[in-house]
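Inside the fold
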Amino acid sequence: MSLPESENQGRRFPDDADVQRRAYRALNEDGLVDFAVGLGLSFAALYIGLWRLAGVNMTAWSGLAPILVMLIARGLRRRFVYPRIGYARIRNASPAILLMAALTLLLVAGVVVMTIYARRGVRPPAMLFPWLLRLFALAGAGTLALMGCRTGWVRFYVHAGVVLVSVLASLAVRNTSYGLTLMLGLPGIILLATGLVVFGFFLRRHPKPTPEAMHANS
Amino acid sequence: MPTPEAETRDLQPLAEIDRVIHEPARLAILGVLSAVDSADFLFLQNQTGLTGGNLSSHMTRLEEAGYVEVTKEFVDRMPRTLLRATKKGRVALRQYKKSMLHLLKALPG
């Protein structure tokens, strides 16, 4: 006896990839990754802008920025996200994703090395800096695209596209400092704003839990 | 055309299926736990759609079978009760999936 056709359609065991994707999706529903990355990029743009354009050296403070971003994101997660949707620790990235990430970096590094070689000589460190930043931004775009693949959230692909466009735009701008500030600041503001909007929607979709629900989880 | 005796022989492994995992709620719980490293009660509840009481009783059953372990840890300086699938649980789930797929293929019709 077989199942009627209507019941049989699409019936299959959810495999590990499906279940894992649902978990990743739930854990990235809050928009805090977008917010944290956007905040980090905005800090970086501020640092470059103040240093290159206004002559204000923020190097002493630059190490604080990543720590600050991490503390803010963790604090928001602990205060608003975990009490609403719970907590899960994701398993290590699959080998395929790690390989994709490594290949993306190698590809970008190869382009940079070829560019240097094509100009027949090693650039002084000061001129390598913009290229290193662009390399970093491209690696970031690759990571965002991978997050889109892992979670199924389309917005990560859009963010990757925005970073890519901003890198290309920075090449078109004559003044390197303006170009770098644009390259970091534009996606920074967009990701920051997106993160805040998504976080707002998340809070509306998942109301504050009752004391009983919180007690059950302790 | 297969004989009734042959069809019965093909479906005999169904009687030996792991009944701890065979229950849909427990299958869902173990499925989620096998995809993550660990998760708390609320996360499992949201992912499986089970009520608190239901989830609790199924978790106890899985723990008794040795498929799930419960640990208390500090996460971001907050105490948290975390649930994770044991190695025995992951192996049992893999075996269950293999057996069920084999059985479904052997179903007559």
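Residues numbered from 1 in each chain as written. Chains lettered and ligands numbered in written order. Predicted model: local features only at pLDDT ≥ 70, side-chain atom pairs only at ≥ 80, totals over all residues. Heavy atoms only, no water.

1. A short note on the sheet that holds strand E1 (residues 36–40) of chain B
To be explicit about the condition: Think of it this way: DSSP has to see at least two bridges between two strands before they count as a pair. By the criteria applied, helices consist of DSSP H or I runs no shorter than four residues and strands consist of E runs no shorter than two, each listed in order from the N terminus. Axis angles are defined between N-to-C directions and span 0 to 180 degrees, where every axis is a line fitted to C-alpha atoms and, for a helix, only to the segment in contact.
Spatially, the 4 strands line up as an open sheet ordered E1(A)-E1(B)-E3(B)-E2(B), and their pairing is antiparallel. With partners counted over all chains shown, the strands left at the sheet margins are strand E1 (88–90) of chain A together with strand E2 (68–75) of chain B, one partner each. Averaged over all pairs of adjacent strands, the angle between their axes in this sheet comes to 30°, without regard to strand direction. As paired strands, E1(B) and strand E3 (residues 78–85) of chain B are joined by 2 bridges and run antiparallel to one another. When the sheet's bridge partners are listed, Asp40(B) is paired in E3(B) with Leu82(B).

2. A short note on a nonpolar patch on the surface
Residues and elements named next belong to chain A. Basically, it comes down to this: For patch building, the residue pool is restricted to those with more than 30% relative accessible area and no salt bridge; the joining distance is 9 Å between like charges and 5 Å between nonpolar side chains (Val, Leu, Ile, Met, Phe, Trp, Tyr). With residues, only the protein chains shown are counted as cover, and all accessible areas are computed by Shrake-Rupley using a 1.4 Å probe. Salt bridge, as used here, is a side-chain nitrogen of Lys or Arg placed within 4 Å of a carboxyl oxygen of Asp or Glu. Here's how the labels work: a residue is buried when its accessible area is under 20% of the maximum for its type, exposed when over 50%, partly exposed in between, all with a 1.4 Å probe on protein chains only.
A grouping of Leu 64, Ile 67 and Leu 71 is seen on the molecular surface, where their side chains present a nonpolar patch of about 280 Å² in accessible area. Position of Ile 67 among the secondary structure elements: in helix H5 (residues 64–85). You can call Ile 67 partly exposed: its relative accessible area is 45%.

3. Observations regarding the pairing of E2(B)
Pairing of E2(B) with E3(B) involves 8 bridges; the strand directions are antiparallel. Opposite Glu69(B), over in E3(B), you have Arg84(B) as the bridge partner.

4. Structural notes on the environment of Val37(A)
Residue and element names in this part refer to chain A. Its place among the elements puts Val 37 in helix H3 (residues 32–54). Exposure remark for Val 37: the relative accessible area of 33% places this residue in the partly exposed category. Here the alpha-carbon distance between Val 37 and Gly 148, two residues 111 residues apart in the chain, equals 14 Å.

5. Considerations on the packing of helix H4 (residues 41–48) of chain B against helix H5 (residues 52–64) of chain B
All names here are of chain B. Our working definition: Between 65 and 115 degrees an angle is taken as roughly perpendicular, under 35 as roughly parallel, over 145 as roughly antiparallel, and anywhere else as oblique. Here, residues are in contact when the closest pair of their heavy atoms is within 4.5 Å.
In the contact formed by H4 and H5, the axes pass within 10 Å of each other and the chain directions differ by 110°. As far as their axial angle goes, H5 and H4 are roughly perpendicular. Residues Phe 41, Leu 44 and Gln 45 of H4 pack against Gly 52, Leu 55, Ser 56 and Met 59 of H5.

6. A closer look at the pattern of salt bridges
This structure, assessed with the given rule, holds 8 salt bridges over all chains. Among the ionic pairs, Asp34(A) bridges to Arg155(A), the shortest N-O distance being 2.7 Å. Of this pair, Asp34(A) sits in helix H3 while Arg155(A) is found in helix H8 (residues 154–172), placing the two residues 121 residues apart along the sequence. There is no split in this pair, since Asp34(A) and Arg155(A) are both buried. Here Arg89(A) ties to Glu73(B) by a salt bridge, and the two come within 3.2 Å at their closest N and O atoms. Residue Arg89(A) is located in strand E1, and its partner Glu73(B) is located in strand E2; the two belong to separate chains. Salt bridges sharing common partners tie together Arg89(A), Asp37(B), Glu73(B) and Arg84(B).

7. Comments concerning the confidence of the model for chain A
Residue and element names in this part refer to chain A. Threshold: For every residue, the predictor reports its confidence as pLDDT, a number between 0 and 100.
Per-residue confidence for chain A gives a mean pLDDT of 75, with 67% of residues at or over 70. Within chain A, H8 carries the highest mean pLDDT (91), whereas helix H1 (residues 5–8) carries the lowest (37). Confidence over residues 1–12 falls short of pLDDT 50; this stretch has 6 contacts with residues more than four positions distant or in other chains.

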